[in-house]
Amino acid sequence: MNNHKSHTPGCMVSGVGASPGIAIGRAFLLDRGKLKPRGEKISSDQVGAEKERFLAAVASARQELEEIKERTLKERGKETSGQHNYIFDVHLLMMKDKMLVDDTLTLIKEKKINAEWALSLNSEKIINFFKKMEDAYLRERQSDVAHVSERILRHLTKSDYDSIDKISRGVIIVAHDLSPADTLQLNPQKVSAFVTDLGGRTSHTAIVARSLEIPAVVGTEYATEKINGGDRLVVDGIEGKIIVNPSREQLEAYQEKKRQYNLFQAHLLLNRDLPAETSDGFRVSLAGNIETPEETESIMAHGATNIGLYRTEFLFLNRQTLPTEEEHFLTYQKVTRSLPPDSTTTIRTFDLGADKIAASAAFHEDSINPALGLRGIRLCLNRPDIFVTQIRGILRASHYGKLKIMLPMISGLKELRQARTIIDASKRELEREGVPFDEKIPVGIMIEVPSAAIISDQLAQEADFFSIGTNDLIQYTLALDRSNEHVSYLYEPLHPAILRLLNQIITNAREAQIPVSVCGEMAGEPLYTLVLLGLGLDKLSMNAISIPHIKQIIRQSTFVEARLMLEEALQMNTAFEVEGYIAREMNRRFPETFLMKI
Ligand code: PEP
Ligand code: MG
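The rules we used
Residues numbered from 1 in each chain as written. Chains lettered and ligands numbered in written order. Predicted model: local features only at pLDDT ≥ 70, side-chain atom pairs only at ≥ 80, totals over all residues. Heavy atoms only, no water. Axes fitted to C-alpha atoms, helices over the stretch in contact; angles between N-to-C directions. Helix = DSSP H or I, 4+ residues; strand = E, 2+ residues; numbered from the N terminus. Parallel < 35°, antiparallel > 145°, perpendicular 65-115°, else oblique. Left-handed = near helix turned anticlockwise from the far one by under 90°. Contact = heavy atoms within 4.5 Å. Nonpolar A, V, L, I, M, F, W, Y, C, P; charged D, E, K, R; others polar. Buried < 20%, exposed > 50% of the residue type's maximum accessible area, 1.4 Å probe, protein only. Polar contact = N/O pair within 3.5 Å; in protein donor to acceptor, adjacent residues only side chain to side chain. Core = buried A, V, L, I, M, F, W, Y, C linked by side-chain atoms within 4.5 Å.

Engineer: Report on the packing of helix α15 (residues 384-397) against helix α16 (residues 413-433), specifying residues and quantitative values.
Structural biologist: Following both chains from N to C, one finds α15 and α16 inclined at 55°, their axes separated by 10 Å at the closest point. Between α15 and α16, the angle falls in the class oblique. Relative to α16, the crossing made by α15 is right-handed. Here Pro384, Phe387, Val388, Ile391, Arg392, Leu395 and Arg396 of α15 lie close against α16, whose contacting residues are Ala419, Ile422, Ile423, Ser426, Lys427, Glu429, Leu430 and Glu433. Of the residues assigned to the contact of α15 with α16, the class counts are nine nonpolar, one polar and five charged.

Engineer: So, the packing of helix α3 (residues 98-111) against helix α4 (residues 115-131): which residues are in play, and what are the values?
Structural biologist: Running from N to C, α3 and α4 point in directions that differ by 130°, and their axes come no closer than 8 Å. With respect to each other, α3 and α4 are oriented oblique. Judged by the twist between their axes, the crossing of α3 over α4 is right-handed. Contacts between α3 and α4 pair Met99, Leu100, Asp103, Thr104, Leu107, Ile108 and Lys111 from the former with Ala115, Ala118, Leu119, Leu121, Asn122, Lys125, Ile126 and Phe129 from the latter. When the residues that make up the contact of α3 with α4 are grouped by side-chain class, the tally is 10 nonpolar, two polar and three charged.

Engineer: Now, about the side chain of Arg375: what can you tell me, with residues and values included?
Structural biologist: Structurally, Arg375 is set in the loop between α13 (361-364) and α14 (376-382). We classify Arg375 as buried; its relative accessible area is 1%. Of note is the side chain of Arg375, whose polar atom sits 3.2 Å from the side chain of Asp472.

Engineer: Quick rundown of the nonpolar core? Include the residues and the values.
Structural biologist: Of all hydrophobic cores here, the largest spans 97 residues; its most connected members are Leu407, Phe466 and Leu540. With seven residues, the single largest contributor to this core is helix α20 (residues 496-511). Residues contacting Phe466, with those up to four places away along its chain left out, are Ile445, Ile447, Ser456, Leu459, Ala460, Ile505, Ala509, Ile514, Pro515, Val516 and Ser517. Counting 27 residues, the second largest nonpolar core, distinct from the first, contains Val47, Ile152, Leu153 and Leu156.

Purely geometric numbers; function is a separate question.
Pasting the structure below:
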């Protein structure tokens, strides 16, 4: 880690505001770079000592892992740390494994090379062995081998291993990148904000930050180069700025902005139990997006009772095996039971892939373009065993609360029909087994692939509802990688092509008389609320913190003005023109509402 970066006091680093809020605190640089150990030849009489050195590194790596396991158990309690414990146990076992330990010792002896070199060679061999496995579960083991060897290597080279669990109270994490899984492990009590070099506003890391209500700025490109560990930082997640070692005036100004922002948020919560209805009587249903069952509490605290998107692929977090039918059932039952009786939960079937989570890597590792690979419904149709297990779990839980099934990444009618056939077969199976379920459970689709948007008139004949996934729809229509900071400037929800597509999808859904919602991040961004309202959506589904703000904007507007604004926007030729127009109109109407900047 470089601790000698020079910068002027109060210098600013900018990026993409990924999760709103202001945080002031000390920087903690999380170095997740890969180790590049030096390989050296050794003489015969050094072999014994080298073997000892290797075994000592394995022993201290084991001890470290045991301690982390203990700490996690204590801090998070048995229930929430169950998944983490599992992964710890797998890693602890591997450190005793003959293939990993004994074969490294043999290499040291036979090739007369140092322990670092021998371990790297050996783990590469084991990783290649797992890579070739037919079985997806076994293939997944390669990432464990890599993690375990990395930990031993750090002990061999006496490198400091920065890990999330060592973080103490109130720091701001600065990292090159954080995976969605890393982010979900952040404890908001200890981490007051984070900043990354990589990432875009709709990357899953950003989405998880919003769920946890941790202010974040991503896609800064150079934050890890410009910030030293221990620097005082101001992170402005609303504007996407970081002030490094602020002056007294800057600090005071941001303390005031933080106070105002917190007051504003508290004030918004006063509308918690009021409907999202315009003053001329147009009502929109506001729902929550969740990644874990525990988030339902926060959704309700922010004034929603329905879940419009449950991203179930997060059930895979930090685990090496697929969830069983019983786990699916219990999880969905838990979600529906934690909501009021009339609430509806829309369960999106696994959308494993792209930037989601490590455990799914096994399905994509050979793909240089995972966003276009075997993800979402494609993976489920390719692996009906995975799909059926989940569908049976959902169907069983549908007896205990109102559930809907939502299929991700549908690109044409064939996929919808195939999925429906599998769902129907699962229903008949449960019937034969005498297991109760909701025979009329709605089966809807995400509209997030441009081909689905274009044929949405046809899809609307066979889907029970549409939910527009603007994150992917924008990614695929404008051909920009949503996780890549270099193209985040192209993320333009108000691009004329996107507006036309949205208009077309919603019109087609209305004509077929099926409900249509938006559940991408656009739904939770106040700048776009009147445009979406004007489009005539039935429902907007978003992360918990956005709900009160969006509701406030709806309650202070009329459907007529939203419609006029949309019509004006639809006449414009460039994203720049539309954005300028909408930003001016929204800032004029809501001057004090901390709109996210575009
Ligand atoms: C989307 O694509 O807009 C969406 C809601 O799904 P995800 O962000 O999980 O891809
Ligand atoms: Mg999507």
